[in-house]
Amino acid sequence: MLAVVRPRVARRFRPQHRTALLPVRTQLCSGSACDRLPVDCCVVPSLTSDQRAALDAALAAGPKVQRLTASFADAGHELYLVGGSVRDALLGRMGSDLDYTTSARPEQIETLVRAVTGAVWDVGREFGTIACRVTEADGSDWQVEITTFRADAYDPSSRKPIVQFGDHLGGDLVRRDFTVNAMALDVTSGELLDPFGGLSDLDAMLLRTPSAPEISFSDDPLRMMRAARFSSQLGFRPTPDVVAAMTTDAERIRIISAERVRDELSKLLLTDNPRPGLDLLVSTGLADIVLPELPALRMERDEHNRHKDVYEHTLTVIEQAIELERARGHAPDLVLRLAALFHDVGKPATRRFEPGGKVSFHHHDVVGAKLVRQRMHALHYSTEETKAVAKLVELHLRFHGYGEGNWTDSAVRRYVRDAGGQLERLHILTRADCTTRNVRKAQRLARSYEELEFRIDELRSQEELDAIRPDLDGTQIMATLGIAPGREVGAAYNFLLERRMESGPLGEERARQELLAWWAERSRSE
């Protein structure tokens, strides 16, 4: 029998958005989870055969996982697969990560988990989460996180929730970020509990909050960053009220720690299509707070359009970098994508209208590298990541400085030396930075860069390029010149390094002769 169950619970646990435009078919539950849950959690949508099969596969997981989940029911605890695990299963993209919520407390969770696997760690006991790795007989691994029902409270001035464990699933689901993440799969009955219409929103590819968005985002402002990330990761569209609340509450993101903002930004950039999420951050004003260099690229163009729309150009460069990254056989690369995002951030500060109507951005590479260091430091990226991205931004114009096709051996060596370990990323970034609509110009630039890469490979086959050093080391320099350690050794080393860059490997004998000649000339001039 199909019916909408009448609510019997306090109003605060009821969904704020009944799916009037996207009705959820429900059936009256009896004798299962509904007997012990708030009635609103007993919304059980009708499923297609594919959806049912996908959820059954998620429940099946592996024999050890099944033994683990069954142990909770045997001990009298409720256990539900929740959040992204349910969402991804319904989308046909389930991985090896399984997230559960339970009535059991952390110490009870740990006891039950340790009976199945010894690979257990404390993700955050104070938050009610115990994690483990379950390895099946066939070698497959499952990463499992089990969290006690939560019913957190929030201090408006605090960065962190006041953690409170809940007594039922309804209180746990209503505190989740979006309806598509607020579905629960009962591991005992196999019922999909969907009190907020998440399945309908999943079908419609919508991002909607379980409670009113202004309440949800006020409780945890990081959910606004997640909305941007899911726009890119899932290709979902936030509803108008979600966008409005993000715009109104954007300033509240300031109470969130830099590390949490950084992590969401990184996840967004590592999706297959970062553009929608970045656009959402900019249009709602969130980027003005967490990434002000990006909206600053929307510079007002002069009436004659003498320079590109730098913001749109940047998004296109990111897209092209991702395409090249994939075509060249690389996994998603955060450093490369950050470099694509930041490569032109020095342009607003360096834009000049020159005589004759030209627009220039002189030294925007150097200025941009400085801005990169400041922003990535503010977002608490690692020193290694910051140095790599700043170097790429500083070097992204180097190719154009040599003209087209005028690469001497010396120029090739310097290009490789200056890029260092970032050479492959620099190849991709430089190629991606060509967004001209002039087909002939684009083809010419592509051929020129292909020639450069060919020259690098050719020269690398003849000599050591990846770690260019002088033909004599410091000890040999001191022995040749008869000097002690000091500044003179450094000057001699730099002289030989410059000769190595200009002429390639000299050999030890020739290097000694040229070093002695240089030393004699230096002594005469002093």
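Structure first, text after, so check above.
Residues numbered from 1 in each chain as written. Predicted model: local features only at pLDDT ≥ 70, side-chain atom pairs only at ≥ 80, totals over all residues. Heavy atoms only, no water.

### A word on the side chain of Arg499
(1) Moving on: Mapping Arg499 onto the fold places it in helix 23 (residues 487–503).
(2) Moving on: Judged by its relative accessible area of 19%, Arg499 is buried.
(3) Moving on: A distance of 2.5 Å separates the side chain of Arg499 from the side chain of Glu514, its partner in a polar contact.
(4) Moving on: Once residues within four sequence positions are removed from consideration, Arg499 is found in contact with Gly504, Leu506, Arg510 and Glu514. (Helix = DSSP H or I, 4+ residues; strand = E, 2+ residues; numbered from the N terminus. Buried < 20%, exposed > 50% of the residue type's maximum accessible area, 1.4 Å probe, protein only. Polar contact = N/O pair within 3.5 Å; in protein donor to acceptor, adjacent residues only side chain to side chain. Contact = heavy atoms within 4.5 Å.)

### Overview of the pattern of salt bridges
(1) Moving on: Tallying each qualifying case throughout the model produces 37 salt bridges.
(2) Moving on: Taken together, the shared-partner salt bridges in this structure form one network comprising Asp177, Asp220, Arg226, Arg229, Arg260 and Glu264. (Salt bridge = Lys/Arg side-chain N within 4 Å of Asp/Glu carboxyl O.)

### Section: the packing of helix 13 (residues 310–327) against helix 20 (residues 423–432)
(1) Moving on: The N-to-C vectors of helix 13 and helix 20 enclose an angle of 135°; their axes lie 8 Å apart at closest approach. It follows from the interaxial angle that helix 13 and helix 20 lie oblique. Crossing angle aside, the handedness with which helix 13 passes helix 20 is right-handed. Residues Val317, Gln320, Ala321, Leu324 and Glu325 of helix 13 pack against Ile428, Leu429, Arg431 and Ala432 of helix 20.
(2) Moving on: When its residues are assigned to classes, the contact of helix 13 with helix 20 shows six nonpolar, one polar and two charged. (Axes fitted to C-alpha atoms, helices over the stretch in contact; angles between N-to-C directions. Parallel < 35°, antiparallel > 145°, perpendicular 65-115°, else oblique. Left-handed = near helix turned anticlockwise from the far one by under 90°. Nonpolar A, V, L, I, M, F, W, Y, C, P; charged D, E, K, R; others polar.)

### What about helix 21 (residues 439–462)?
(1) Moving on: If you check helix 21, its first and last C-alpha atoms are 35 Å apart, about what 24 residues at 1.5 Å a residue would give, namely 34 Å.
(2) Moving on: Of the residues making up helix 21, those classed as buried are Leu445, Ser448, Tyr449, Leu452, Glu453, Arg455, Ile456 and Leu459.
(3) Moving on: A distance of 3.1 Å separates the backbone nitrogen of Arg440 from a side-chain oxygen at the start of helix 21, and that oxygen is part of Asn438. (Expected span 1.5 Å × (residues − 1).)

### Re the nonpolar core
(1) Moving on: Residues Leu278 and Phe342 are the most contacted members of the largest nonpolar core, which totals 114 residues.
(2) Moving on: If you tally residues by element for this core, the top one is helix 14 (residues 334–342), at eight residues.
(3) Moving on: Setting aside its immediate chain neighbours within four residues, Leu278 contacts Leu265, Leu268, Leu269, Leu294, Tyr311, Leu315, Ile318 and Leu341. (Core = buried A, V, L, I, M, F, W, Y, C linked by side-chain atoms within 4.5 Å.)

### Observations concerning the environment of Leu269
(1) Moving on: Inspection of the secondary structure assignment puts Leu269 in helix 10 (residues 258–269).
(2) Moving on: When its relative accessible area of 0% is taken as the criterion, Leu269 is described as buried.
(3) Moving on: With 63 residues separating them along the chain, Leu269 and Pro332 place their C-alpha atoms 9.0 Å apart.
(4) Moving on: When neighbours within four sequence positions are excluded, Leu269 is seen to be in contact with Pro274, Leu278, Leu334, Arg337, Leu338 and Leu341.

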